[in-house]
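Here's the letter readout for the chains.
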Amino acid sequence: DDVQWADAASLSLLSSLLQSNEGAKRVYFTSCYRDNEVSDSLLAWLQSISGFSLEQIKLESLTPNGVNQFVSETLHLFPRLTRPLSLVLHKKTGGNPLFLGQILSALGGSGRAPPLTSSPSTKGGEICFSLSRRRWTWDIEKIEDLELPDDVVSFIVTEMKKLSADLLFGLKVAACIGSRMTSDVIDILSAELTAAFTGTTLADVLHKLAQKGFLTEHVCSRKTECCATSSGSLRFEFVHDKIQEAAYEFMSSQEQRLNHIRFGLALYPQAVNNSNDELLFMAINQINFAGPESIVDGDQKYIIAGLNLNAGKRAGKRSDYQTAFSLFQHGMSYLEADCWTNHYGTSIELFDSAAQAAVVVNDLEAVTLYSNTVNSRAKCFDDKLNCISVKLKALIHGERYGEAMGYFLEIVKVFREPALLPMHEIQEDMKAMNSVMKGLADETLLSLSTMKQKKTIALVKIYCDFSDVLTFVDPSFVPSIALRCMQLTVQEGLCSKSPIVFALYAKSLSLSGTSNDIGESVRFGRLSKTLQERMGSSDCGSLDTMVYYVMGLAQPFQALTEEFKLSMKTGEQSGDVFNAVASYCFICLMSYITGEPLTHLRRKSIDCIVQMKEQNMMAFLGIHALLHSQLVALIDGPQIADAESVDDVIFGEKKALAAAGKDNFEALSSYEANQLVRAFLYRKFDILSSSSFFETISDPTIPNEPFRVMAFFFAGLASFHLAREAKEEEKKWMKIGGTLLEKMECWNKFISWNFQSKMLLLKAEKMYCLGETESAASLYEQSIKSAHDHKFIHEEGIAHELCGHFHLEMGHRLEALESFNSSVQCYINWGALAVARRLEVFVKS
């Protein structure tokens, strides 16, 4: 309910729930929001879920017939008897259900329509129960003549003015506490407010307010979440938030602040004594509602600042980073000008903690402000370490990669670290380290001592965070970071970032492409996951995306997709929205690689784009926009390449490439790979021969990662086709195709599920080029069977089509026709409808 007030993380979680239950028959979602309080983020969310099986229902005000049904059921009379009264009430309330209920209550006076008291403009008894007629009756003329406020809030305020002092104060207490009061809160405040009531208790007052229709009283038969810590099982809730709003506005701002500080200070000791987190946050929020201006004593301000610090840490442990950030900010608001002199410890910890929380909630300005404050006020370098790391991480999350690079170089200089070198310049050092690692058993590595030096721990964090930048800017330097982090690990032990260090090292080993190094790569990929499980580290949000570069050599791509789904849910539940959205991006990429139906994937991709926009993840958005354009091009046709926008959620490919950044290696290589795949599937061989992606393949500094399998696969197929077509360059194309085939053969040794069908099809194409037609025919059939068995529907379609062209060239027209028809069906099942149409036209011609 009240989705219009939901934050970005909550909306993201709702999207995930909707997506994961799409098509489910036993799950029913109802989301309600007020269309006059819609924000831009909610509009974007509503657009993102429009593709799901949802029905939108607009709740209008009650019609005259609706009001008549309401009145008829309230008064237990036939609709024909209540119609004249209902028409008058509809005119006065506009059909607002809350307003209607309040007016009926007031008009009933001492009678028992939904009970309330009468207002100054009603004398009560305009509607009354007739004992002689044994039914409700009314004076229609008096009701018509009544002068009522124009809105429901004003009407409720007039009702409140008639309450006794005790009831009015009880309503104010409830309004200050919030929409709900449980037994434990009532018990604590009753002791504090004994003198405020005349011969009654807070619980009794709330009960009377419930009788009068302001509150709803609930008595739980067993302990539930709402009152799990209560000694009793009673709770009161406002009937409507408008009633709470009216009751709160009934107080002056000074009275509001005094009540909040009084209630907060009463609740806090009990929350601490009972280790009750919910009560703790309620107490702190009450104090913060009052604000620092309510506290005169300076020492008391510092105490409250400390309370906010502790509560913020507690919220962080619960992964509620938005609440933690807010509490740290409140804590800082209680600090006075001399805080860095008289309360240095509390001050630096508050600013440090606020900077860390600001990174997670993606508030870069706050990170910069708090980090700069710490750097200028810290008494020693060690006190600056955390904020140095946090500021770098914020620049990365904000995708300000140029600034991040400059800041990183400054940090490295301060730490007196060696310069980063490209991979080909550290090969000997990597071999030496690999030799040492091979001599250490898994358990030895997992049981290394704990890193002690704060400076070294901060340095490892900085290196691990900066590796994310290099993935986009220049991946050839990642092995240098991996090597340095592993050296520090061997020398000084493990820290919270060590799972990432192992994953970086695994990724660097996978780049060499040799069987020995790939074996070690898979080993360290698994060790990184094991180490994270043992350490329970919450500082490794990007581990799944990091290990992904390696684990495609150890488990089926489909299983990796499921791991990313788990990583995404973990990010959503922990409040780490950045890594949750990054995982979502990888889910879409893996779904493309595994041949998931493109129509379903297109919907997921749109939802992912909306979330990236909300988090301002422009570099990710640029890359993902290219993937989305590829999906649409396969479904609707290649003309999408010239479109200004795609699906009304992203710009066209050229703008997407520009948005990702001209130095974004990932975006550029993705664009080139997509063009190559598209050219091959649409048989645009003139584009194939001029593709710059072949130059990328030959560059020794380009990562040799298995997640580029689609690009390498299609590049190999294109190379062998061009070798047959361009006889003058046959040797060149055969060499490129042979290199890519060797890559698939190497990877296939580790996991045939992912690479067997690709390897067999490349072999078939090679045999076709060499004129070994019997071997080629057999390999085509083997590739088709492998793709089918391993559930790669798109590869099955490609293998069928290439097999068809082979048979057509051999003069086997019936076999060719059978292969082409099978290919069309596979393309349709994949969702590549435009590709299927292209092949159907070819077959007919």
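Structure's up top.
Residues numbered from 1 in each chain as written. Predicted model: local features only at pLDDT ≥ 70, side-chain atom pairs only at ≥ 80, totals over all residues. Heavy atoms only, no water.

Caption draft 1: Representation of a nonpolar patch on the surface within the structure. Residues Leu13, Leu17, Val27 and Phe29 make up a contiguous nonpolar surface patch of roughly 280 Å² in combined accessible area. With respect to the helices and strands, the residue Leu17 is situated in helix H1 (residues 8-20). (Patch = residues over 30% accessible without salt bridge, like charges linked within 9 Å, V, L, I, M, F, W, Y side chains within 5 Å. Areas by Shrake-Rupley, 256 points an atom, 1.4 Å probe, with all protein chains shown as cover. Salt bridge = Lys/Arg side-chain N within 4 Å of Asp/Glu carboxyl O. Helix = DSSP H or I, 4+ residues; strand = E, 2+ residues; numbered from the N terminus.)

Caption draft 2: Molecular detail of the packing of helix H29 (residues 577-594) against helix H30 (residues 598-614). Viewed as axis vectors pointing N to C, H29 and H30 meet at an angle of 155°, and their least axial separation amounts to 10 Å. Judged on the interaxial angle alone, H30 and H29 are roughly antiparallel. Relative to H30, the crossing made by H29 is left-handed. Within the contact between the two elements, H29 uses Val581, Tyr584, Cys585, Ile587, Cys588, Ser591 and Tyr592 and H30 uses Leu601, Lys604, Ser605, Asp607, Cys608, Gln611 and Met612. (Axes fitted to C-alpha atoms, helices over the stretch in contact; angles between N-to-C directions. Parallel < 35°, antiparallel > 145°, perpendicular 65-115°, else oblique. Left-handed = near helix turned anticlockwise from the far one by under 90°. Contact = heavy atoms within 4.5 Å.)

Caption draft 3: Summary view of the packing of aromatic side chains. On inspection of all chains with the given rule, the structure shows 19 aromatic pairs. With 6.0 Å between their ring centres and 45° between their planes, Phe712 and Trp747 make a pair best called tilted. On the criterion of sequence distance, the pair formed by Phe712 in helix H36 (residues 709-725) and Trp747 in helix H37 (residues 730-748) is long-range, its members being 35 residues apart. With relative accessibility at 1%, the residue Trp747 sits in the buried group. Cluster of aromatic residues (ring-pair linked, three or more members): Trp340, Tyr344, Phe351 and Tyr370. Lys391 extends its terminal NZ or CZ atom over the ring of Tyr407, reaching a point 5.0 Å from the ring centre. (Phe/Tyr/Trp six-rings, centres within 6.5 Å; stacked < 30°, edge-to-face > 60°. Buried < 20%, exposed > 50% of the residue type's maximum accessible area, 1.4 Å probe, protein only. Lys NZ or Arg CZ within 6 Å of the ring centre and 35° of its normal.)

Caption draft 4: Examining the pattern of salt bridges more closely. The full count for this structure, using the stated rule, is 30 salt bridges. Between Lys58 and Asp35 there is a salt bridge, and its shortest N-O distance comes to 2.3 Å. Residue Lys58 is located in the loop between helix H2 (40-48) and helix H3 (64-75), and its partner Asp35 is located in the loop between H1 and H2; the two are separated by 23 residues in the primary sequence. Between Glu336 and Lys301 there is a salt bridge, and its shortest N-O distance comes to 3.5 Å. In this pair, Glu336 is assigned in the loop between helix H15 (321-333) and helix H16 (339-342) and Lys301 in helix H14 (residues 298-317), connecting sequence segments 35 residues apart. For Glu336, a relative accessible area of 31% corresponds to the partly exposed category.

Caption draft 5: Main features of helix H7 (residues 152-160). Counted residue by residue, H7 has seven buried out of nine residues, so it is predominantly covered. The complete set of buried residues in H7 reads Val152, Val153, Phe155, Ile156, Thr158, Glu159 and Met160. Among the structural elements, helix H5 (97-108), helix H8 (165-177) and helix H11 (241-249) are those in contact with the buried residues of H7.

Caption draft 6: A look at the side chain of His800. Along the chain, His800 turns up in helix H40 (residues 793-810). Here His800 falls in the buried class, since its relative accessible area comes to 11%. Excluding its chain neighbours within four sequence positions, the residues that come into contact with His800 are Ile784, Ser819, Ser822, Ser823 and Cys826.

Caption draft 7: A look at the packing of helix H21 (residues 427-438) against helix H24 (residues 478-492). Two numbers describe how H21 lies on H24: the axes approach to 11 Å, and their chain directions differ by 40°. Taken together, the axes of H21 and H24 are oblique relative to one another. Between H21 and H24 lies a crossing whose hand is left-handed. For the pair H21 and H24, contact is made by Asp429, Met430, Met433 and Met437 and by Pro479, Leu483, Met486, Gln487 and Val490, respectively. Across the contact of H21 with H24, the residue classes break down as seven nonpolar, one polar and one charged. (Nonpolar A, V, L, I, M, F, W, Y, C, P; charged D, E, K, R; others polar.)

Caption draft 8: The arrangement of the sheet that holds strand E4 (residues 215-219) in detail. Taken in spatial order, the three strands line up as E3-E5-E4 in an open sheet, and their pairing is antiparallel. Only two strands of the sheet have a single partner each, and these edge strands are strand E3 (180-182) and E4. Adjacent strand axes in the sheet meet at a mean angle of 15° when their direction is disregarded. Here five bridges tie E4 to strand E5 (residues 234-238), and the two strands are oriented antiparallel to one another. What sits directly across from Glu217, in E5, is Phe236. On top of the sheet, H8 reaches E3 and E5; it is set at about 100° to E3, its chief contact. Packing of helix H9 (residues 183-192) onto the sheet brings it into contact with E3 and E5, and relative to E3 it is tilted by some 75°. (Pairing = 2+ DSSP bridges.)

Caption draft 9: Geometry of a negative patch on the surface. A cluster of acidic side chains, namely Asp139, Glu141, Glu144 and Asp145, defines a negative patch on the protein surface. Among the secondary structure elements, Asp145 is positioned in helix H6 (residues 140-145). What makes Asp145 exposed here is its relative accessible area of 63%. (Lys, Arg positive; Asp, Glu negative; His and termini not counted. Charge placed at Lys NZ, Arg CZ, Asp CG, Glu CD.)

Caption draft 10: Broad picture of the environment of Ala354. Mapping Ala354 onto the fold places it in helix H17 (residues 344-360). Taking the C-alpha atoms as reference points, Ala354 and Ala723, separated by 369 residues in sequence, lie 60 Å from one another. For Ala354, the contacting residues outside a window of four places in its chain are Phe325, Phe328, Met332 and Tyr370.

Caption draft 11: Fine view of the environment of Leu459. With respect to the element layout, Leu459 can be found in helix H23 (residues 454-473). A C-alpha to C-alpha distance of 23 Å links Leu459 and Thr530, two positions 71 residues apart in sequence. Every residue in contact with Leu459, bar those within four places of it in the chain, is listed here: Phe415, Glu417 and Leu488.

Caption draft 12: Representation of H24 within the structure. Between its first and last C-alpha atoms H24 spans 21 Å; for 15 residues at 1.5 Å apiece the expected length is 21 Å, and the two agree. Most of H24 sits out of view: 11 of its 15 residues are buried. Every buried residue of H24 is accounted for by Val478, Pro479, Ser480, Ile481, Ala482, Leu483, Arg484, Cys485, Met486, Leu488 and Thr489. After H24 finishes, the residue Gly493 shows a positive phi value of roughly 105°. (Expected span 1.5 Å × (residues − 1).)

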